[in-house]
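Observations on chain architecture
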Amino acid sequence: MSNSNTVPVYAATGRATDSEEVEFSAEQVGFGVCLIVHDAQIHASAIAHVLMPDSSSNTTFARKNPFGFSNTAFPALMESLRGASRNYAGDEAWTEAKKRLKVYLIGASEITSAQASATEPNIDLNIGKLVANRLRDLIKTEGLEPPIEALGGASIRDVSIRNGTGKILIEVPGQPEKTL
């Protein structure tokens, strides 16, 4: 999945680039959600590995790690993407760019209560579902097209985006590689 230009994206982090040679890689995306925004015209991409739906649960951590929470990750990622290319300078250019952006949500593996604890079967541990729902709301509010999604299941995924082509690869153990 990686090459010499691969830039890792860890949990609660995000990155953006307009370099066609860069490939971002987020490994072991489990209950979190890999949020990707790509502009095929400018060859700019941004990626974040989002873990929690709302920063109000830990505002101190959110200030230091805005990519960790849906409500802070999405605006931070959009700001990072805008700052990654001089082609987005000016409000008019950014408004036009937002019309063509493709957004992807990948991950949100489901943790069943049987996996978590046989003694507490009613615990809802599907945090990824909450993260994805919050991200969908933010994407819609921003006026972007609905995201392309590869969510759910019980597997951990490795995700990469090749910025130059916009090709997104998803690797799940024991399954063929998937391209979005």
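Residue positions are given per chain, counted from 1 along the sequence in the order it is written. Restriction of local features to residues with pLDDT of at least 70 applies here, the model being predicted, together with a cutoff of 80 or more for giving and counting side-chain atom pairs; totals for whole chains, interfaces and linings are based on all residues. Here the side-chain values reflect all heavy atoms present in the structure, with hydrogen atoms and water set aside.

Before going further, it helps to spend a moment on the packing of aromatic side chains. Aromatic rings considered in pairs are described by the distance between their centres and by the relative angle of their planes. Put simply, two rings from Phe, Tyr or Trp (the six-membered ring, in Trp's case) pair if the centres are within 6.5 Å, and we call them stacked under 30 degrees between planes, edge-to-face over 60, tilted for the rest. For the structure on display, the rule yields 2 aromatic pairs. Aromatic pair Phe 61 and Phe 69: ring centres 5.9 Å apart, planes at 75°, arrangement edge-to-face. Residue burial is assigned from relative accessible area. The probe radius is 1.4 Å, only protein chains are included, and a residue is buried under 20% of its type maximum, exposed over 50%, and partly exposed in between. Classification of Phe 61 by relative accessible area gives partly exposed; the value is 36%. On the basis of relative accessibility, which here comes to 3%, the residue Phe 69 falls in the buried class. With centroids separated by 5.0 Å and ring planes inclined at 75°, the aromatic side chains of Tyr 88 and Trp 94 adopt a geometry described as edge-to-face. Relative accessible area serves as the criterion here: at 1%, Tyr 88 is assigned to the buried category.

As a further point, take the nonpolar core. If you look at the biggest cluster of nonpolar residues, it comprises 28 residues, and the most contacted ones within it are Leu 35, Phe 74, Leu 81, Tyr 88, Leu 101 and Leu 135. Strands are runs of DSSP state E lasting at least two residues, helices are runs of H or I lasting at least four, and both sets are numbered from the N terminus onward. For this core, the secondary-structure elements that each account for two or more residues are strand S4 (33-39), strand S5 (44-50), helix H2 (70-84), helix H3 (91-100), strand S6 (102-107) and helix H5 (127-141). Looking at which element gives the most residues to this core, the answer is H2, with 6 residues. We call two residues in contact when some of their heavy atoms are within 4.5 Å. Setting aside chain neighbours within four positions, we find Leu 101 in contact with Val 37, His 38, Asp 39, Met 78, Leu 81, Tyr 88, Trp 94 and Leu 144. Each nonpolar core is a collection of buried residues, namely Ala, Val, Leu, Ile, Met, Phe, Trp, Tyr and Cys, held together in the definition by side-chain atoms within 4.5 Å.

It is worth spelling out the pattern of salt bridges at this point. Any Lys or Arg side-chain nitrogen found within 4 Å of a carboxyl oxygen on Asp or Glu counts as a salt bridge. Overall, the coordinates contain 6 salt bridges when judged by the stated rule. Between Arg 162 and Glu 23 there is a salt bridge; the shortest N-O distance is 3.2 Å. Of this pair, Arg 162 sits in strand S8 (residues 157-162) while Glu 23 sits in strand S3 (residues 23-29), and the two are 139 residues apart along the sequence. Given the relative accessible area of 2%, Glu 23 is considered buried. Close ionic contact of Arg 136 with Glu 149 constitutes a salt bridge, the shortest N to O distance being 2.6 Å. Taken as a pair, Arg 136 in helix H5 and Glu 149 in strand S7 (residues 148-151) lie far apart in primary sequence, 13 residues in all.

One can describe the packing of H2 onto H3 by two numbers: an axis separation of 12 Å at closest approach and a directional angle of 115°. Handedness of the H2/H3 crossing: right-handed. From H2, Met 78, Leu 81 and Arg 82 reach across to H3, where they touch Asp 91, Trp 94 and Lys 98. Basically, the charged four are Asp, Glu, Lys and Arg, the nonpolar ten are Ala, Val, Leu, Ile, Met, Phe, Trp, Tyr, Cys and Pro, and anything else, Gly included, counts as polar. Tallied by class, residues from the contact of H2 with H3 come to 3 nonpolar, no polar and 3 charged. Axes here refer to lines fitted to C-alpha atoms; in helices the fit is confined to the stretch in contact. Angles between the N-to-C directions go from 0 to 180 degrees. Two helices cross in a left-handed way if the nearer one is turned anticlockwise from the farther one by less than a right angle. They cross in a right-handed way if the turn is clockwise.

Backbone geometry follows two general trends: most residues other than glycine have a negative phi, and most peptide bonds adopt the trans configuration. Unusually for a residue other than glycine, Ala 12 sits at a positive phi of about 65°. Relative to the helices and strands, Ala 12 resides in the loop between strand S1 (6-8) and strand S2 (14-17). On the accessibility criterion, Ala 12 (7% relative accessible area) is buried. Backbone geometry places Ala 108, a non-glycine residue, at a positive phi of 55°.

Let us now look at H2. In a helix, the anticipated span is given by 1.5 Å times the number of residues less one. Its 15 residues place the ends of H2 21 Å apart at the C-alpha level, agreeing with the 21 Å of an ideal helix rising 1.5 Å per residue. Where the residues of H2 are buried, they touch S2, S4, S5, H3 and H5.

Before going further, it helps to examine the sheet that holds S5. Between any two strands, at least two bridges found by DSSP are needed for them to pair. Strand order in this open sheet of 5 strands is S2-S5-S4-S6-S7, and the pairing throughout is mixed. Only two strands of the sheet have a single neighbouring strand rather than two, namely S2 and S7. Put simply, the sheet's adjacent strands are angled 10° from each other on average, direction ignored. Of the strand pairs in this sheet, S4 and S6 are connected by 6 bridges, and their pairing is antiparallel. Bridging across to S6, Val 37 finds its partner in Val 103. Against the sheet, H5 engages S4, S5, S6 and S7, with an angle of about 25° to S4.

This is a description of form; function is not addressed.
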